[in-house]
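Okay, here's what each chain looks like letter by letter:
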Amino acid sequence: MTKWLRSGRRRDICYLLAAEGERRGQQLKSDLESHYDERLEPSSFYGTLSAMVEAGLVETKTEGLADVYSLTAAGEDRLEEHVRWIEVCLEGE
């Protein structure tokens with residue numbers, strides 16, 4: 001598995017995008033802040049999104065003033081691989 005899934009933030013972004021199809025960057029950030037119950041530094045958060053776009057796992061488009069993000073087919077594949085791995089781990093209990 002590639003390094004990108006080692007980050008919980010990246011995994012959580014993928015789960016949110018898989019659930020909704022696409023989201024504005026600020027929506028993603030707000031949802032994660034609510035889940036983690038802490039503020040995320042904008043530069044760090046948007047740096048994570050940029051790295052995911054560069055890796056080809058997430059794509060972005062601009063709607064008005066906002067960037068909207070969605071999973072690519074490669075991102076969906078990696079997320080599904082991760083879910084299968086979790087299922088295997090849980091079956092072993």
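Just above sits the structure.
Rules of the game
- Residues numbered from 1 in each chain as written.
- Predicted model: local features only at pLDDT ≥ 70, side-chain atom pairs only at ≥ 80, totals over all residues.
- Heavy atoms only, no water.
- Helix = DSSP H or I, 4+ residues; strand = E, 2+ residues; numbered from the N terminus.
- Rg over C-alpha atoms; globule rule 2.2 N^0.38 Å.
- Buried < 20%, exposed > 50% of the residue type's maximum accessible area, 1.4 Å probe, protein only.
- Contact = heavy atoms within 4.5 Å.
- Areas by Shrake-Rupley, 256 points an atom, 1.4 Å probe, with all protein chains shown as cover.
- Lys, Arg positive; Asp, Glu negative; His and termini not counted.
- Charge placed at Lys NZ, Arg CZ, Asp CG, Glu CD.
- Salt bridge = Lys/Arg side-chain N within 4 Å of Asp/Glu carboxyl O.
- Disulfide = S-S within 2.5 Å.
- Axes fitted to C-alpha atoms, helices over the stretch in contact; angles between N-to-C directions.
- Parallel < 35°, antiparallel > 145°, perpendicular 65-115°, else oblique.
- Left-handed = near helix turned anticlockwise from the far one by under 90°.
- Nonpolar A, V, L, I, M, F, W, Y, C, P; charged D, E, K, R; others polar.
- Pairing = 2+ DSSP bridges.

Asker: Lay out the overall build of the chain in plain terms, naming residues and giving numbers.
Answerer: From N to C terminus, the chain includes 4 helices and 3 strands. In the chain, the succession of α and β elements from N to C terminus is α-β-α-α-β-β-α. Taking 93 residues into account, the globule formula puts the C-alpha radius of gyration at 12 Å, and the chain, at 14 Å, falls close to it. By its C-alpha atoms, the chain is 45 × 30 × 20 Å across when sized along the principal axes. Looking at the 93 residues of the chain, the share that counts as buried comes to 31%. Sequence-distant contacts in the chain: of pairs separated by 6 or more residues, those separated by 24 or more amount to 50%. Carbon together with sulfur atoms contributes 47% to the accessible area of the chain, which is approximately 5,900 Å² in total. Averaging the coordinates of the 12 positive side-chain charges in the chain and doing the same for the 19 negative ones gives two points 6 Å apart.

Asker: So what about the pattern of salt bridges? Which residues, and what values?
Answerer: The final tally for this structure, using the stated rule, is 6 salt bridges. Among the salt bridges present, the one from R23 reaches D31, with a minimum N-O distance of 2.2 Å. For D31, a relative accessible area of 31% puts it in the partly exposed group. Residues R39 and E41 are paired through a salt bridge, measuring 3.0 Å at the closest nitrogen-oxygen approach. Relative accessible area serves as the criterion here: at 55%, R39 is assigned to the exposed category.

Asker: Please give an account of the state of the cysteines that cites residues and values.
Answerer: As used in these notes, a disulfide is a covalent bond between sulfur atoms, one from each of two cysteines. Under the defined criterion, the tally for this structure stands at 0 disulfides. Free of any disulfide, C14 has its nearest cysteine sulfur in C89, 18 Å distant. The exposure class of C14 is buried, given its relative accessible area of 0%.

Asker: Describe the packing of helix 1 (residues 8-20) against helix 2 (residues 25-36), with residues and values.
Answerer: Orientation of helix 1 relative to helix 2, taken along the N-to-C sense of each, is 120°, at an axis distance of 11 Å. As far as their axial angle goes, helix 2 and helix 1 are oblique. Between helix 1 and helix 2 lies a crossing whose hand is right-handed. Counted together, G8, R9, D12, I13, L16 and L17 of helix 1 and L28, D31, L32, H35 and Y36 of helix 2 form the full contact between these two elements. Grouping the constituent residues of the contact of helix 1 with helix 2 by class yields 6 nonpolar, 2 polar and 3 charged.

Asker: Tell me about the pairing of strand 2 (residues 58-63), and name the residues and values.
Answerer: Side-chain positions along a regular strand alternate between the two faces of the sheet. Note: strand 2 against strand 3 (residues 66-71), 6 bridges, orientation antiparallel. Among the inter-strand pairings, E59 is bridged to a residue of strand 3, identified as S70. Connecting the antiparallel pair strand 2 and strand 3 is a turn made up of 2 residues, with G64 showing a positive phi of about 65°.

Asker: A description of the sheet that holds strand 1 (residues 22-24) should follow, citing residues and the corresponding values.
Answerer: Spatial strand order, 1-3-2: 3 strands in an open sheet with antiparallel pairing. Because the sheet does not close on itself, it has two edges, and the strands there are strand 1 and strand 2. Across this sheet, the average inter-strand angle for adjacent strands is 30°, counted without regard to direction. Those strands touched by helix 2 are strand 1 and strand 3, and its axis lies near 90° from that of strand 1.

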